[in-house]
Amino acid sequence: MKSNDKYLVYENWRAERKAVVHKSTCGHAREGLDRLQDYTAPNDRWYGYFDKLTEAISFAALMPNRQLKICGVCLQEEKARI
Ligand SMILES: [Zn+2]
């Protein structure tokens with residue numbers, strides 16, 4: 001893992017009540033990079049950047065009523081270790 005990796009947290013409370021941790025380079029996070037300042041979307045929200053994976057996970061774990069998930073695409077190795 002490169003030390004300059006950054007992490008994002010994706011929160012969704014409509015389709016699924018979940019909080020997903022992604023690397024900022026993940027294809028799924030591309031939308032999030034444009035929406036980090038958008039706090040008005042009705043269904044979901046992105047948070048970031050986090051410098052450490054542990055920070056992103058801790059943040060996501062604190063969200064009430066959200067299932068914490070680790071992206072199986074960009075964080076496959078890390079997911080296996082957790
Ligand atoms: Zn991802």
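All values reported here derive from a predicted model rather than from experimental measurement.

Student: Got a minute to help me understand the overall build of the protein in this structure?
Tutor: For the protein, the helix and strand inventory stands at three helices and four strands. In sequence order, the protein lays out its α and β elements as β-β-α-β-α-β-α. In summary, the protein has a C-alpha radius of gyration of 12 Å against a globular reference of 12 Å for 82 residues, a match within 12%. Taking the principal axes of the C-alpha coordinates as reference, the protein spans close to 35 × 25 × 20 Å. With 82 residues in all, the protein has 24% of them scored as buried. Considering only residue pairs separated by 6 or more positions, the protein has 64% of its internal contacts joining residues 24 or more positions apart.

Student: Looking at this structure, I do not really get the sheet that holds strand 4 (residues 67–70). What am I missing?
Tutor: What holds strands together in a sheet is hydrogen bonding between their backbones, with the strands either parallel or antiparallel. Spatially, four strands are ordered 3-1-2-4 in an open sheet, and the strand pairing comes out mixed. Because the sheet does not close on itself, it has two edges, and the strands there are strand 3 (44–50) and strand 4. Across this sheet, the average inter-strand angle for adjacent strands is 20 degrees, counted without regard to direction. Where strand 1 (residues 7–12) and strand 3 come together, six bridges link them in antiparallel fashion. Among the inter-strand pairings, Tyr10 is bridged to a residue of strand 3, identified as Trp46. Helix 2 (residues 53–61) rests against strand 1, strand 2 (18–23), strand 3 and strand 4 of the sheet, and its axis sits at about 15 degrees to strand 1.

Student: Would you mind going over the pairing of strand 1 with me for this structure?
Tutor: Two faces, one strand: in a regular strand the side chains alternate between the faces of the sheet. Strand direction decides the pairing type here: strand 1 and strand 2, joined by six bridges, are antiparallel. By the bridge assignment for strand 2, Asn12 is matched with Lys18. Here strand 1 folds back onto strand 2 in antiparallel fashion, the turn holding five residues.

Student: Is there a simple way to think about helix 2 in this case?
Tutor: One turn of an α-helix holds 3.6 residues; hence residues three or four places apart share an orientation. By the burial criterion, the buried members of helix 2 are Ala56, Ile57 and Ala60. Take helix 2 and look down its axis: the buried residues cluster within an arc of 95 degrees, on one side only. Where helix 2 is buried, its residues meet strand 1, strand 2, strand 3 and strand 4.

Student: Sorry if this is basic, but what is going on with the nonpolar core here?
Tutor: General note: in soluble globular proteins, nonpolar side chains tend to be found buried as a group. Grouped together as the largest cluster of nonpolar side chains are 16 residues, with contacts concentrated most on Leu8, Val9, Val21, Ala56 and Ala60. The leading source of residues in this core is strand 1, at four residues. Not counting residues up to four positions away in its chain, the partners in contact with Val21 are Tyr7, Val9, Ala56, Ile57, Ala60, Ile70, Cys71 and Leu75.

Conventions we followed
Residues numbered from 1 in each chain as written. Predicted model: local features only at pLDDT ≥ 70, side-chain atom pairs only at ≥ 80, totals over all residues. Helix = DSSP H or I, 4+ residues; strand = E, 2+ residues; numbered from the N terminus. Rg over C-alpha atoms; globule rule 2.2 N^0.38 Å. Buried ≥ 20, exposed ≤ 12 C-beta atoms within 10 Å, placed from the backbone. Contact = placed C-beta atoms within 7 Å. Pairing = 2+ DSSP bridges. Axes fitted to C-alpha atoms, helices over the stretch in contact; angles between N-to-C directions. Arc of directions from axis to C-beta. Core = buried A, V, L, I, M, F, W, Y, C linked by C-beta atoms within 7 Å.

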